[in-house]
Every structure is written in structure tokens, then in C-alpha cells.
Amino acid sequence: MSAHAEAALHGGEHHGPPAANQSSRIASVTLGMFLFIGTEAMLFGSFFTAYFFVRVVNPGATIITPEKWAVWPPLPYEFPVFVAGVNTCILVTSSFTMHWALQSLKRGNRAGMKAGLVLTILMGLAFLLTQMIEYAHVGFNTSDGAFASVFFGLTGLHGAHVLIGLILLTTAAVRAFRGHYSPEHHHGLELPGIYWHFVDVMWIVVYVTMYLL
Amino acid sequence: MRNPFRDEAAAFRLVLLTIGYFALIVAAAAVSRWVGLAMFVVLTAFVVRRLMSAPTRPTSGAQRADVEDTPAEKPGVES
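Residues numbered from 1 in each chain as written. Chains lettered and ligands numbered in written order. Predicted model: local features only at pLDDT ≥ 70, side-chain atom pairs only at ≥ 80, totals over all residues.

Before going further, it helps to spend a moment on the overall build of chain A. Along its length, chain A carries 6 helices and 0 strands. Listed by position from the N terminus, the elements making up chain A come as α-α-α-α-α-α. Per-residue burial for chain A yields a buried fraction of 26% across its 213 residues. Of the contacts formed within chain A by residues at least 6 apart in sequence, a portion of 70% connects residues at least 24 apart. (Helix = DSSP H or I, 4+ residues; strand = E, 2+ residues; numbered from the N terminus. Buried ≥ 20, exposed ≤ 12 C-beta atoms within 10 Å, placed from the backbone. Contact = placed C-beta atoms within 7 Å.)

All right, on to the packing of helix α5 (residues 146-177) of chain A against helix α6 (residues 187-212) of chain A then. Residues and elements named next belong to chain A. Where α5 meets α6, the axes come as close as 9 Å, and the angle between the chain directions of the two elements is 160 degrees. In terms of orientation, α5 lies roughly antiparallel with respect to α6. In this structure, α5 crosses over α6, and the sense of that crossing is left-handed. Across the interface between the two elements, F151, L154, T155, H158, H161, V162, G165, L168, L169, A172, R175 and A176 from α5 touch G188, L189, P192, Y195, W196, V199, M202, W203, V206 and M210 from α6. Across the contact of α5 with α6, the residue classes tally to 16 nonpolar, 5 polar and 1 charged. (Axes fitted to C-alpha atoms, helices over the stretch in contact; angles between N-to-C directions. Parallel < 35°, antiparallel > 145°, perpendicular 65-115°, else oblique. Left-handed = near helix turned anticlockwise from the far one by under 90°. Nonpolar A, V, L, I, M, F, W, Y, C, P; charged D, E, K, R; others polar.)

Grouped together as the largest cluster of nonpolar side chains are 43 residues, with contacts concentrated most on A:L117, A:Y195 and A:F198. Where this core is concerned, the elements lending two or more residues are α2 (28-56), α3 (81-106), α4 (110-137), α5 and α6 of chain A together with α1 (8-31) of chain B. In terms of residues, this core owes the most to one element, α6(A), which gives 13 residues. Excluding residues within four positions of it along the chain, A:F198 makes contact with A:I37, B:F5 and B:A11. (Core = buried A, V, L, I, M, F, W, Y, C linked by C-beta atoms within 7 Å.)

Moving on, we come to α5(A). Under the 1.5 Å per step criterion, the end-to-end length of α5(A) is 46 Å for 32 residues, consistent within 8% with the ideal 46 Å. A positive backbone phi angle near 95 degrees is found at A:G179, which sits one or two residues after α5(A). (Expected span 1.5 Å × (residues − 1).)

Turning to the confidence of the model for chain B, a few remarks are in order. The predicted coordinates of low-pLDDT regions are not to be read in fine detail. For chain B, mean pLDDT is 79; residues scoring 70 or higher make up 67% of the total. This complex was scored by the predictor with a pTM of 0.80 and an ipTM of 0.80. (pLDDT = per-residue confidence, 0-100.)

In this model, A:Y181 sits at a positive phi of 75 degrees, which is unusual for a non-glycine residue. Positionally, A:Y181 belongs in the loop between α5 and α6.

All names here are of chain A. Along the chain, W203 turns up in helix α6. In this structure W203 comes out as buried when scored by C-beta crowding, with 26 C-beta atoms within 10 Å. Considered as a pair, W203 and S182 are 21 residues apart in the sequence and their alpha carbons are 30 Å apart. If near-sequence neighbours (up to four positions away) are discounted, W203 is found in contact with T88, L91 and H158.

On to the packing of α4(A) against α5(A), then. Residues and elements named next belong to chain A. Following both chains from N to C, one finds α4 and α5 inclined at 155 degrees, their axes separated by 10 Å at the closest point. The angle between the axes of α4 and α5 places the two elements in the roughly antiparallel class. For the crossing formed where α4 meets α5, the hand is left-handed. Here M113, K114, L117, V118, T120, I121, G124, L125, F127, L128 and Q131 of α4 come into contact with α5, specifically with T155, G159, V162, L163, G165, L166, L169, T170, A172, A173, A176 and F177. Tallied by class, the residues present in the contact of α4 with α5 amount to 15 nonpolar, 7 polar and 1 charged.

Another point: the environment of A:P73. Inspection of the secondary structure puts A:P73 in the loop between α2 and α3. Residues A:P73 and A:M202, spaced 129 residues apart in sequence, show a C-alpha to C-alpha distance of 21 Å.

Okay, the environment of A:S28 next. Residue and element names in this part refer to chain A. Relative to the assigned elements, S28 resides in helix α2. On the neighbour-count criterion, S28 (11 C-beta atoms within 10 Å) is exposed. Spatially, the C-alpha atoms of S28 and A176 are 22 Å apart, while their sequence positions differ by 148 residues.

Structural data, given as C-alpha cells:
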């Protein structure tokens, strides 16, 4: 017997487990994403701790520079600052297109939503591809010292998060092209958008601390 | 402190603020390391002060579950 028939038979009473008690003032799905981002922020924090530790006790510090500061990365290695800078521009732009997609959805502009989503995914893929090419040409690998381990660890961790974000966005894009989502029901797109902006924020922090400063 | 990831618009605003924050630090560091450090300290103090003084939203009542766990007391029964 179907659930509707059962309910009709019993005078419309609901059967089954009761609705869960919601003690938070924000939606449970949003809370779930926020807690997940919190754990990921702590994970990045641990990697940054390792990075700052390695940088402070960098064995290249014995090299005397004109400013008498430690050399980072140790000679003769160099970080590809320009390529990473281009990657940063790509990822920041993808945040703009993601925001555009959400705003379009909330205004009922489905074409804008789809375009924004597709552009965000393409730029995310471009970011990952550029990073893989950067890894191939960087000139050192993980066995070349602690700085290299920290470099690949931090950037690789971020790359993994970009991949997760792309999976979420692709799922959302498939649903969007199937006609899901509306200005009233946009959580399925908003949550991947929040995660994508978190990934972007993390990359800005990684890029500035690792490559620029 | 309000959740910076409470919705997509807030998260996007955080991206822009992060860019501005680090852009100022990098620009200052390009002048001199000490200027960069000073800019970092000033900006971080500003952000912390802003977060500490941000008004908190009033908490709304929790949504009660559909099922009461505690059975109602029968009249005449001592607790």
C-alpha cells in the first residue's frame, strides 16, 4: 500500500519517524557545509603550521643575502611565481562567475546560471591543468628537501580541494541542465558555491604566503 | 561574529576582502619587510576589532521536535 493510501486510511496521520529536532537557526544543510569547511580550514591550518616551521628553520638560512634574511626557497630552487599568479587570476575569476551563476538563479535567469556554472567549471579545470604542468616543470620533487615537501603538500592539498569542488559543481551543473533549481530552491547550487569560494580564499592565502612573501 | 560562510554572497564577500587584505600586505612588503609586517599587524588588529564589535543576531527559539520525550505527568502522581 502506498504511503498516501495509508495516510488516507488512517485519517491523514503521518506515519514514520518524526521530523528531527532542529536546534540551529540556520538550515541544517548549510550548517553541514559550514562544519565541513571548518574541518578543512583546520586541516589547512596544520599544513600551514608545517610550512611556517620549515621556513623558520630553513637550512638555506645559512646563505647570506644582502638583506641578511633567509633564502626561500633554498638556492638554487625557485618557485614559479608568474605561473601561479596566472592561476590565481583564473581561480579568482571563477569565484566571480560562480557568484554570477547564483545571482542569476535567484533572479530567475537560468541561462546566466548555466553559463556561470560552465565557466566556473572550465576555469577550475584550467587551474588544475596549469598546476599539473607547473609540477612537471618546477625543477624539484618531494625528495629535494623539507621545503619541497611543504610546497607539494600545501599546493597538492589545495589541488585536491579544487577537484572536490569541481565534482560538486559538475553535479550541480548536471542538475541545472536537467531543470532543477529555482529562485526558491537554490540550496543545491548555493552550497557548492560556498565551498568554491572557500577553496578560492585558501588559494589566495597559499599563494601569498608560499610564493610572494 | 557572523558566519562568513552563511550564504554564497557572504562567502564571495570574504573572497574580495581576502584579496584586499593580502594585496595591502604584499604591497607594503614590496616596500620593506618591516612595513609589510606592520601592515599585517595593523590589518589583523583592525579585522579582529571589527569582528569583536560586530553585533550578534538575536537567537531565535529552537524548533521543537514533533515528539515529546517526557510523558505528561498524571494528576495526583507525586514527582
